[in-house]
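# A structural walkthrough
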Amino acid sequence: MPLSVLLVDDEPLVRAGLRAVLAAQPDIEVVGEAADGAAVIPLVRQLRPDVVVMDVRMPLMDGIEATRAVLRTVADPPRIVVVTTFENDEYVYGALRAGAAGFLLKRARPAEIVHAVRLVAEGDSLLFPAAVRQLASSYGRDRGNADARSAMERAALTEREREVLRLMARGLSNAEIAARLVVGTETVKSHVSAVLAKLGARDRTQAVIAAYESGFVAPE
């Protein structure tokens, strides 16, 4: 079955462009559109998309609140990718903290948009290390407090899990981490799963944000 995608953006031309790019792929089907985050939950429940591609700034309900609402209230929720005009956007950071699997710039090339949808549909995160570092440096500094540090301490990561988290924060894939540590990919997957479980993170992006906000990894 093709991957099903819901498009959410208050600009009709942006939605039309995304639809044209995605619908041209034989393995992707655009199943619906919405002009505001307030319409997302009923559409997600009705259409059961695999991926929601959602504008981060909208007039009634922005992408942060819509992401948080979907992940909190919908059983087996879809993966969410937020789109933005500006890379260094506090809204983007808020959406990532809320559980979005990643973000795309509106100026992204068609191939990048298609790759993003396929990537997150497979359960991976669309993680741009340099961008997340910049976002964490700009907006995570005040959040990197004693509570975040305490949560990291309570996670009680093993030394190998801590090493894996540092490499995740640099944006390395499981295969790249395996090569760096000279272990098998399945071993790395096990370590990544353990890190996510101990941190209570939905995916790699949330784990990396937790690492920055706790001070475990310092933004550059």
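Here, every reference points to the structure presented above.
Thresholds, definitions, all that
- Residues numbered from 1 in each chain as written.
- Predicted model: local features only at pLDDT ≥ 70, side-chain atom pairs only at ≥ 80, totals over all residues.
- Heavy atoms only, no water.
- Helix = DSSP H or I, 4+ residues; strand = E, 2+ residues; numbered from the N terminus.
- Polar contact = N/O pair within 3.5 Å; in protein donor to acceptor, adjacent residues only side chain to side chain.
- Buried < 20%, exposed > 50% of the residue type's maximum accessible area, 1.4 Å probe, protein only.
- Pairing = 2+ DSSP bridges.
- Right-handed = clockwise from strand over helix to strand, strands pointing away.

The next thing to look at is the side chain of Thr205. Summarising the element assignment, Thr205 is placed in helix α11 (residues 204-213). A polar atom in the side chain of Thr205 sits 3.5 Å from the backbone oxygen of Ala101.

Within strand β1 (residues 3-8), 5 of the 6 residues are buried, leaving the element largely enclosed by the surrounding structure. Taken together, the 6 bridges between β1 and strand β2 (residues 28-34) define a ladder with parallel strand orientation. Among the inter-strand pairings, Leu6 is bridged to a residue of β2, identified as Gly32. Once you follow β1 into helix α1 (residues 12-23) and on to β2, the crossover reads as right-handed. Pairing between β1 and strand β3 (residues 51-55): 4 bridges, direction parallel. The partner of Val5 across the bridge, within β3, is Val51.

Here the phi dihedral of Asp76 falls at roughly 50°; this positive angle occurs in a residue that is not glycine. One can find Asp76 in the loop between α3 (63-73) and β4 (79-84). Taking relative accessible area as the criterion, Asp76 reaches 66% and is therefore assigned exposed. Unusually for a residue other than glycine, Ala156 sits at a positive phi of about 50°. Within the secondary structure layout, Ala156 lies in the loop between α7 (146-155) and α8 (159-169).

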